[in-house]
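Structure at a glance
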Amino acid sequence: MSDIIEQYEKYVMPTYGRQQVAFVRGNGCYLYDEEGNAYLDFVSGLSINNLGHCHPAVVKAAQAQLAELIHTCNLYYTRPGGELAQRISELSLGGKVFFSNSGAEANECAIKLARKYGRDFAAAAGNGVTGDDKHRIITLENGFHGRTMGTLSATAQPAKQEPFKPLLPGFMYVPPNDINALKTVTDGGVCAIIFELVQGEGGVYPLDQEYVEAARKLADEHHALLIFDEVQSGLGRTGELFAYEHYGVKPDVMALAKSLAGALPIGATVAAPAYSDVLGPGMHGSTFGGGPVPCAAGLAVLNELTAPDFLTSVQAKGDYMRSLLEKLKADGLVTEVRGLGLMLAVDLPEPNAAAVVAAALEQKILLNNTSENTVRFLPPLVVEEGMIEQVVEFLQTALSS
Ligand SMILES: Cc1ncc(COP(=O)(O)O)c(C=O)c1O
């Protein structure tokens, strides 16, 4: 066993099921182990290294900022934070941004914003309705929003919630794509409906168009916020800058994180103008949030993502990979192909996805399974067609034997 792995086993809490490999370097679509072996990375740090490992523009921006100013805390202003907020705002909802350090924190802020909005709305209604009456938050079964107690309470997956009960009160769960179920629970006591447009950790399930439209309508009717968790689906992963563009439905609030700062930690909660000032001074905060280094890297990332033809190429490569995976389905090697853009998954006929991922590692290919039946593909958005072919050929051989 490598001494790196040994050290982890001894000193790091065993919360992750790690593959038995330690990496020392990354470049483009490849990670390198201690012996210098190259691994083709179709995990991308779980949709973090979307521009590939150590993208030169990200490294340059972060290094320059590191040498200039690393941290001040949020008692002061710095240039990269304002610039990144403006860029995100102009590319999405047109309102203001709160910066944090992770996807869970981006959602946590969205949850707090929704609760505060519910209170303000109830108080303004002035008809005896109190803030406590408009606090319920609806989320979808099989969704994933993070591991903090707030976001775990929003994550309707019993196995993840069970060991940590009691959860926060006020969360209600409905099955995805069931418009009637959503109608039944949405009333004036709801302050927010939160979901992923493509359930990522749940196995890459895109929501139906009609469902997303119905959720928008119900949220409007009942003065509830519609919040999209685009932590995994956002920032080019699905072939549009934000997955909501596929649906033509805008949220009131959106959570971003993962790839935003080119693999440095960041979270961003983005509000439409009407909800931009719901959280006032002292109501929320994060010591590291919006630091100059991740924000400088974030600006470099957005420059790359918005370069001419970048997103078109993501869509084209997604379509290509999907077409190859559909051939596996036609041959009976997989039972379903799902996803949008380069956020893809296949279901296997047998519950042996972990074995497929292990076999891929042997072949120096990094894959990830979301369950015993589902293998997920999150290649860097800069992946090349030949790499896609290599991975699908591996799958074909592995699943045929
Ligand atoms: C949709 C979604 N929301 C939230 C999170 C949590 O993000 P983090 O692990 O950065 O807290 C994830 C992580 O996988 C995610 O996929």
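Residues numbered from 1 in each chain as written. Predicted model: local features only at pLDDT ≥ 70, side-chain atom pairs only at ≥ 80, totals over all residues. Heavy atoms only, no water.

1. Focus on the overall build of the protein chain
Along the backbone of the protein chain there are 14 helices and 17 strands. Taken over C-alpha atoms, the radius of gyration comes to 21 Å for the protein chain, in line with the 21 Å a tight globule of 401 residues would show. Each principal axis of the C-alpha distribution contributes one length, and for the protein chain these read about 65 × 55 × 45 Å. Buried positions account for 52% of the 401 residues belonging to the protein chain. Summed over all atoms, the accessible surface of the protein chain reaches about 17800 Å², with 53% contributed by carbon and sulfur. Here the protein chain contributes 29 positively and 46 negatively charged side chains, and the mean placements of these two sets differ by 5 Å. (Helix = DSSP H or I, 4+ residues; strand = E, 2+ residues; numbered from the N terminus. Rg over C-alpha atoms; globule rule 2.2 N^0.38 Å. Buried < 20%, exposed > 50% of the residue type's maximum accessible area, 1.4 Å probe, protein only. Areas by Shrake-Rupley, 256 points an atom, 1.4 Å probe, with all protein chains shown as cover. Lys, Arg positive; Asp, Glu negative; His and termini not counted. Charge placed at Lys NZ, Arg CZ, Asp CG, Glu CD.)

2. Here's the deal with the packing of aromatic side chains
Going through the model one piece at a time under the given rule, you end up with six aromatic pairs. Between F23 and Y39, the ring centres sit 5.1 Å apart and the planes meet at 80°, which makes this aromatic pair edge-to-face. You can see F23 sitting in strand 1 (residues 23-27) and its partner Y39 sitting in strand 3 (residues 38-41), a full 16 residues away along the chain. On the basis of relative accessible area, Y39 is assigned to the buried category, the value being 5%. (Phe/Tyr/Trp six-rings, centres within 6.5 Å; stacked < 30°, edge-to-face > 60°.)

3. Looking at the site of the ligand
Taken together, the neighbourhood of the ligand is formed by 13 residues, with G103, A104, D229, Q232 and K258 sitting nearest. The separation between an oxygen atom of the ligand and a polar main-chain atom of G103 is 2.8 Å. Measuring from an oxygen atom of the ligand, one finds a side-chain N or O atom of Q232 at 2.8 Å. Coverage of the ligand by the protein amounts to 81% of the 390 Å² it exposes when considered alone. Among the elements that take part in the shell around the ligand, helix 5 (residues 103-125) stands out by supplying three residues, more than any other. (Near = heavy atom within 4 Å. Polar contact = N/O pair within 3.5 Å; in protein donor to acceptor, adjacent residues only side chain to side chain.)

4. Re the domain arrangement of the protein chain
Domain boundaries in the protein chain define domain 1 (3-55 + 309-400) and domain 2 (59-305). If you average the C-alpha positions of domain 1 and of domain 2, the two centres end up 27 Å apart. Each partner contributes residues to the interface: domain 1 has 29 residues there, and domain 2 has 24 residues. It is L311, L340 and M343 in domain 1 that bury the most area against domain 2; as a group they hold 29% of the surface buried on that side. For the pair domain 1 and domain 2, the interface holds one salt bridge. Two residues, E201 and R376, come together in a salt bridge whose shortest N-O distance is 2.7 Å. The interface formed by domain 1 and domain 2 includes twelve residue pairs in polar contact (both at pLDDT 80 or more). Sorting the residues of the side of domain 1 that touches domain 2 by element identifies helix 2 (44-47), helix 12 (310-330), strand 13 (336-340), strand 14 (343-347) and strand 17 (374-377) as the ones contributing at least two each. (Domains from an automatic or database assignment. Contact = heavy atoms within 4.5 Å. Buried area = accessible area lost by both parts, 1.4 Å probe. Salt bridge = Lys/Arg side-chain N within 4 Å of Asp/Glu carboxyl O.)

5. Notes on a negative patch on the surface
Where like charges cluster on the molecular surface, the negative patch consists of D3, E6, E9, E34 and E35. Mapped onto the elements, E34 comes out in the loop between strand 2 (30-33) and strand 3. (Patch = residues over 30% accessible without salt bridge, like charges linked within 9 Å, V, L, I, M, F, W, Y side chains within 5 Å.)

6. A look at the pattern of salt bridges
Scanning the entire structure with this criterion turns up eleven salt bridges. Note that K116 is salt-bridged to D120, the shortest N-O span being 2.9 Å. Of this pair, K116 and D120 both sit in helix 5, four residues apart, which is roughly one turn of the helix. When its relative accessible area of 22% is taken as the criterion, K116 is described as partly exposed. The class of D120 is partly exposed, set by a relative accessible area of 34%. Salt-bridge contacts for D252 lead to R216; the nearest nitrogen and oxygen are separated by 2.9 Å.

7. Section: the nonpolar core
Side chains of nonpolar character tend, in soluble globular proteins, to be buried together. Ranked by internal contacts, the top residues of the largest apolar core, which has 98 residues, are F42, F195, L325, L367 and F377. Here this core gathers at least three residues from each of two domains, domain 1 (3-55 + 309-400) and domain 2 (59-305). The contact partners of L367, leaving out residues within four places of it in the chain, are F42, V43, V357, A360, V375, F377, V391, F394 and L395. (Core = buried A, V, L, I, M, F, W, Y, C linked by side-chain atoms within 4.5 Å.)

8. Topic: the sheet that holds strand 15 (residues 365-366)
Strands sit in the order 1-2-3-15 across an open sheet of four strands; the sheet is mixed. Two strands in the sheet have a free side with no partner beyond their single neighbour: strand 1 and strand 15. The pairing of strand 3 with strand 15 spans two bridges and is parallel. By the bridge assignment for strand 15, D41 is matched with L366. (Pairing = 2+ DSSP bridges.)

9. Side note on the sheet that holds strand 14
Sheet strands associate in pairs through backbone hydrogen bonding, adopting either a parallel or an antiparallel arrangement. Spatial strand order, 13-14-17-16: four strands in an open sheet with antiparallel pairing. If you trace the sheet from one side to the other, it starts and ends with strand 13 and strand 16 (368-369), each paired once. Note that strand 16 and strand 17 share two bridges and pair antiparallel. For N368, the partnering residue across the bridge sits in strand 17 and is R376.

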